[in-house]
Amino acid sequence: MPYIKAVFPGTFDPIHYGHIDIALRAARLFDEVVVAVYDRPLKELVFSPEERVAMVRKALAGHPNIQVMGYSGLTVEFCRKIGARVIVRGLRVFSDFEREFRMALTNHRLAPEIEVVALITSAKYMFLSSTTVREVAALGGDVSFMVPPFVAEALREKFRNRAAPYFPASLRGE
Ligand code: ADP
């Protein structure tokens with residue numbers, strides 16, 4: 001059997017239990033998994049590229065066949081550069097499917113030698129996304145069931161100076 005290196009790319013802003021689950025499952029399927037943190041997506045980010053890489057490293061430390069790297073540009077170019085033949089993606093709710101399908105077909109067109117393997121989320125993480133984590137954390141809610149404790153702490157730190165409520169107390173039912 002040939003040695004198979006896989007890349008699990010994403011923004012990881014921040015890493016949560018759904019990502020960790022996919023990374024660990026991929027590490028059981030492939031010889032080596034490179035969790036690749038994309039530096040500058042078009043969307044706005046809460047954490048810097050360095051912070052996101054550091055958190056992914058900490059969350060996945062102690063797994064000898066998982067490495068964490070940062071990357072820029074096309075995912076398929078990054079795969080070629082490091083000799084990876086597989087891109088791993090996680091699939092959650094149905095709404096992910098169209099986007100992943102489009103991305104997989106595009107990547108296949110750009111690099112036919114690279115296969116996209118989609119792992120279906122574990123049911124308990126089906127509705128978990130970095131967007132939800134950020135939204136709940138920004139409003140001061142408990143995210144401990146979504147992210148490791150050190151990520152929850154980093155979020156608390158980021159959102160420490162939240163803006164004061166817009167409406168006066170009388171309009172807020174207080
Ligand atoms: P992107 O910015 O590329 O969408 P994300 O950091 O949001 O990247 O996610 C990286 C990968 O992890 C994607 O394939 C995404 O579908 C997958 N993923 C995110 N949340 C979950 C989850 N709860 N269960 C399984 N896979 C997930």
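Computed from a predicted model, the values in this text were never measured in an experiment. (Residues numbered from 1 in each chain as written. Predicted model: local features only at pLDDT ≥ 70, side-chain atom pairs only at ≥ 80, totals over all residues. Heavy atoms only, no water.)

Student: Any details on the sheet that holds strand β3 (residues 66-71)? Residues and values, ideally.
Tutor: As summarised here, the arrangement of the five strands in space is β3-β2-β1-β4-β5, forming an open sheet in which the pairing is parallel. The outermost strands of the open sheet, each flanked by one partner alone, are β3 and β5 (115-120). Sheet twist, expressed as the mean angle between neighbouring strand axes with direction ignored, is 30°. Pairing between strand β1 (residues 5-10) and strand β2 (residues 32-38): six bridges, direction parallel. Within the sheet, the bridge partner assigned to F8 lies in β2 and is V35. In the packing of helix α2 (residues 49-59) onto the sheet, the strands contacted are β2 and β3, and the crossing angle to β2 comes to about 155°. (Pairing = 2+ DSSP bridges. Helix = DSSP H or I, 4+ residues; strand = E, 2+ residues; numbered from the N terminus. Axes fitted to C-alpha atoms, helices over the stretch in contact; angles between N-to-C directions. Contact = heavy atoms within 4.5 Å.)

Student: Please give an account of the pairing of β2 that cites residues and values.
Tutor: Counting buried residues in β2 gives six out of seven residues, a clear majority hidden from the surface. What joins β1 to β2 is helix α1 (residues 17-29), and the crossover it makes is right-handed. Bridge count between β2 and β3: six bridges; the pairing is parallel. Looking across to β3, one finds that A36 is bridged to M69. For the crossover from β2 across α2 to β3, the handedness is right-handed. (Buried < 20%, exposed > 50% of the residue type's maximum accessible area, 1.4 Å probe, protein only. Right-handed = clockwise from strand over helix to strand, strands pointing away.)

Student: Now, about the pattern of salt bridges: what can you tell me, with residues and values included?
Tutor: Counted under the stated rule, the structure contains twelve salt bridges. Between R25 and D21 there is a salt bridge, with the nearest N and O atoms lying 3.0 Å from each other. Residue R25 and its partner D21 are both found in helix α1; the two are separated by four residues, about one turn of the helix. Judged by its relative accessible area of 16%, D21 falls in the buried class. Put simply, R80 and E77 hold a salt bridge, and the shortest N to O gap is 3.2 Å. Taken as a pair, R80 and E77 lie in helix α3 (residues 75-82) at a separation of three residues, close to a single helical turn. Among the residues examined, R80 registers a relative accessible area of 37% and is labelled partly exposed. (Salt bridge = Lys/Arg side-chain N within 4 Å of Asp/Glu carboxyl O.)

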